[in-house]
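# Notes for the structure review
Listed below are the residues making up each chain.
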Amino acid sequence: MNNAQSLHDLSYEELEQFMKVDGIKAVHAHSLWRLLHWDASLLERESCQHLLGPLRRWIDEYVGEDKTFFLDHPEQVADIRSSDGMTRKFLLKLRDGQTIETVLMSYDGRFTACVSTQVGCAMGCVFCATGQMGFTRHLRPGEIIAQVLHVQRVLRRDCGKRLRNLVLMGMGEPLHNYDAVMRAMTVMSDVRGPSLSAQRITISTVGVAPAIRRMAEEKIPYNLALSLHGANQAQRSALIPVGKKWQMEELMEACRIYNREVGKGIFIEWTLIAGTNDSPEIAAELAELLRGIDVHINLIPLNPTEGYAGTATATQAGLQFQKLLRNAGYPVTFRQRRGIDVAAGCGQLKSERNKRAESFDEKLQPTKAGPKQTQLDQVS
Ligand code: SAH
Ligand code: SF4
């Protein structure tokens, strides 16, 4: 690889500036931005033939392998669907051969993309397949954006729909890769580009307290989800090793600052693990811990992973946990985990693939081989 840079990594202003140096008018930067981020049609060179001369010549001169800029266009190496047809998971191969997971989910005919922010993760949460893999590297902004563009292309092709929501809940810890994530989200919410509403973008964090305070200070407009999973210091740090670094008290204080500065509530993500964090006593302790903080609690049963012996809380016990928190005054959603049959837990498809390089395709049935129409196809 030469020293080429990804065109998808540039901000609008950087792109405009770069073109201006060559005497290219701002209007062409606008067109190029749309080709890059709105319909991603720059990836299909033949669709550029109709472009005005100066823009076409600029693209020919600067964009391509072995030119100044390359395009982030990861190769799809797997496309797996859940049996209920509501979840579709893509394994995407990056330029350096690393793979990441991107998930497309359908709720009531509306589509949500769940994207990765790192290859692997350094946080080491014991129940998480990505944590069990360890950290390989951060993703660049263009690699985060490319996942959204991939999902949008699939949606457009298969059912003529557009993406509505974006969650950063794939592989990796978004706030450990703060600058790249925020740059990518600026592009995603840009009205000249994909134009996703900031209200429909959610960043999920393991609880990097200083970065939550930074989001508050910078008044970052996206939603924030905090993966809590423990109601006290000891319980949390047994599940989340970095809970020892950013302790409960500091974390709750960061949440209060966020509420106050951004003026928004926080989603609390709670993975229900049988016999570990699902008792009535824990519900009471959690209610006490969150007192005075503006939250919405999401309960999700554990997706079992090979590296962790815990099992999911049974539905009845989960509903009881929900009821106790509701009685304590909190809005609480109990969500069944989606797509469990396609190894849709965070990082599970990649680790499955690594282990079973040969038998994988037969076992998980890639899309092309699947004769069954799913709801993701049928929605129109
Ligand atoms: N690193 C971020 C975002 C990626 S993980 C974070 O931790 O928030 C996205 C969510 O999936 C987190 O709430 C995480 O706790 C949860 N998760 C990870 N592995 C899981 C599993 N095996 N079962 C259920 N939830 C899991
Ligand atoms: Fe990383 Fe999130 Fe998995 Fe923890 S749950 S290891 S922070 S991806």
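That block above? That's the structure.
Let us now look at the packing of helix α5 (residues 141-159) against helix α6 (residues 178-188). At their nearest, the axes of α5 and α6 sit 8 Å apart, and the two run at 45° to each other. When the axes of α5 and α6 are compared, the pair comes out oblique. At the point where α5 passes α6, the crossing takes the right-handed sense. Where α5 abuts α6, its residues Pro141, Ile144, Ile145 and Val148 lie against Ala180, Val181, Arg183, Ala184, Met185, Val187 and Met188. Residue composition of the contact of α5 with α6, grouped by class: 10 nonpolar, no polar and one charged.

Okay, the nonpolar core next. Generally speaking, soluble globular proteins have nonpolar side chains that are buried together. One finds Leu7, Leu32, Trp58, Leu166, Met185 and Leu228 to be the most contacted residues of the largest nonpolar core, which totals 108 residues. Inspection of this core shows a minimum of three residues originating in each of domain 1 (5-70) and domain 2 (75-357 + 375-379). With sequence-adjacent residues up to four places away left out, Leu32 is seen in contact with Leu7, Leu15, Met19, Leu42, Leu55, Trp58 and Ile59.

A word on the pattern of salt bridges. Enumeration over the complete set of coordinates arrives at 19 salt bridges. The partner of Arg137 in a salt bridge is Asp96, and the shortest N-O contact between them spans 2.7 Å. Of this pair, Arg137 sits in strand β8 (residues 135-138) while Asp96 is found in the loop between β4 (87-93) and β5 (99-107), placing the two residues 41 residues apart along the sequence. Since its relative accessible area comes to 41%, Asp96 is described here as partly exposed. Linking Glu269 and Arg335 is a salt bridge whose minimum nitrogen-to-oxygen distance equals 3.2 Å. Highlighted residues: Glu269 in strand β12 (residues 266-272) and Arg335 in the loop between β14 (332-334) and α12 (348-355), separated in sequence by 66 residues. According to the relative accessible area criterion, Glu269 is buried, its value standing at 5%. Each of the salt bridges in this network shares a partner with another, and the network as a whole consists of Asp9, Asp72, Asp96, Arg137, Arg140 and Glu143.

Reading guide: rules and limits
- Just so you know, the residues in each chain are numbered from 1, in the order the chain's sequence is written.
- Going through the entries in the order they are written, you letter the chains from A and number the ligands from 1.
- Side-chain atom pairs in this predicted model are given and counted only at pLDDT of 80 or more, local residue features only at pLDDT of at least 70, and totals for whole chains, interfaces and linings cover all residues.
- Side-chain measures were taken over the full set of non-hydrogen atoms in the model, leaving aside hydrogen atoms and water.
- A fitted line through C-alpha atoms represents every axis, and for helices the fit uses only the stretch in contact; the resulting angles, taken between N-to-C directions, go from 0 to 180 degrees.
- Per the convention used, a helix needs a DSSP run of H or I reaching at least four residues, while a strand needs a run of E reaching at least two, with both numbered from the N terminus.
- When describing relative orientation, an angle under 35 degrees is termed roughly parallel and one over 145 degrees roughly antiparallel, while 65 to 115 degrees is termed roughly perpendicular and anything else oblique.
- Definitions for this section: a left-handed crossing has its near helix turned counterclockwise from the far helix by less than a right angle. A right-handed crossing has that turn clockwise.
- Two residues qualify as a contact provided that any one of their heavy atoms is within 4.5 Å of a heavy atom in the partner residue.
- Following the grouping adopted for this structure description, the nonpolar residues are Ala, Val, Leu, Ile, Met, Phe, Trp, Tyr, Cys and Pro, the charged ones are Asp, Glu, Lys and Arg, and the polar ones are all others, Gly among them.
- Working definition of a nonpolar core: buried Ala, Val, Leu, Ile, Met, Phe, Trp, Tyr and Cys residues. They are joined through side-chain atoms within 4.5 Å.
- Classification of residues uses two cut-offs on accessible area relative to the type maximum, computed with a 1.4 Å probe and protein chains only: under 20% is buried, over 50% is exposed, and between them is partly exposed.
- Boundaries between domains were set according to an automatic or database domain assignment.
- Each salt bridge in this description consists of a side-chain nitrogen of Lys or Arg and a carboxyl oxygen of Asp or Glu lying within 4 Å of one another.

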